[in-house]
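Results of the structural survey
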Amino acid sequence: MSLTLTFLREDILHKAEALFLLLRANGGRVVTAESCTGGLVASALTHFAGSSDVTEGGLVTYSNTMKQAVLGVSTDTLERHGAVSAETVVEMADGALKAATRANVSVAVSGIAGPGGGSPDKPVGLVWFATALRDEPTRAENRVFDGTREQVRDQAVIHALELLARRLSD
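Details of the sheet that holds strand E1 (residues 30-34)
Within the open sheet, the five strands sit side by side as E2-E1-E3-E4-E5. Their pairing is mixed. Edge positions in the open sheet fall to strand E2 (55-60) and strand E5 (139-144), since each of these has one partner strand only. On average, each strand axis in the sheet is tilted by 15° relative to the strand beside it, whichever way the strands run. When E1 meets strand E3 (residues 105-111), the two strands line up parallel, connected through five bridges. Counterpart to Val30 in the pairing with E3 is Val105.

Dropping the structure here:
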C-alpha cells in the first residue's frame, strides 16, 4: 500500500465556494453525514475562511456501528437494505440534523468506492445520497460513478455539493 496525500480538486472547491455563498446568503447551516467520502464534503465546505458561519460540522460514520450509534440508523434498516441504500442515507441525513440542532440542512453519502466490495445488485461506483431540510421530507437518490476509488469519491463529493445547492434553491 502506498500513501498519497489527497488534496481537494479545484472543481470541488468551486462547487463548495458556490454552496458556501448560497448558505451565507440564506442564513443556512449545514451538517454532513459521510461514509464512503470519509469527510471530504465537510472538508470542502470548511476550506474557506468564515466557513464556521455556515458549517455546523461533519460526521464520518464509516461502519454500520457508527451509523447506528451516532446517527441513529436502525439495525432493521441496515439488515434489510444494507449500508448502501436509500433507506440508510435517509436515516443518516435525518440523524445528522438531530445531532446538529443548529443546522437546517444536511447531506448524507454512502456508497461503494471500490476497487472491491461491489455485487451485481450494488456495483462498485454506486453511491446513495440524501438531503434533509428541517420540517420537509428527506430526499434520496443514487448515482453510479466510473473510475478509480479516488475518482468515485471526488465525483460523489461534487454531487453532494450540487444536491445541497439544489435543495436550498428549491
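Describing the pattern of salt bridges
This model, assessed by the stated rule, comprises nine salt bridges. We note a salt bridge from Arg29 to Glu56, for which the minimum N-O separation is 2.6 Å. Linking Arg29 in the loop between helix H1 (10-26) and E1 with Glu56 in strand E2, this pair joins segments that are 27 residues apart in sequence. Residue Arg29 is classed as buried on the basis of its relative accessible area of 13%. Relative accessible area serves as the criterion here: at 29%, Glu56 is assigned to the partly exposed category. Through salt bridges with shared partners, a single ionic network connects Arg9, Asp11 and Asp154.

Some words on helix H5 (residues 86-99)
Along its 14 residues, H5 runs 20 Å from first to last C-alpha, staying within 8% of the 20 Å computed at 1.5 Å per residue. Listed in full, the buried residues belonging to H5 are Ala86, Thr88, Val89, Met92, Ala93, Gly95, Ala96 and Leu97.

Cut-offs used in this document
- Residues numbered from 1 in each chain as written.
- Predicted model: local features only at pLDDT ≥ 70, side-chain atom pairs only at ≥ 80, totals over all residues.
- Heavy atoms only, no water.
- Pairing = 2+ DSSP bridges.
- Helix = DSSP H or I, 4+ residues; strand = E, 2+ residues; numbered from the N terminus.
- Axes fitted to C-alpha atoms, helices over the stretch in contact; angles between N-to-C directions.
- Salt bridge = Lys/Arg side-chain N within 4 Å of Asp/Glu carboxyl O.
- Buried < 20%, exposed > 50% of the residue type's maximum accessible area, 1.4 Å probe, protein only.
- Expected span 1.5 Å × (residues − 1).

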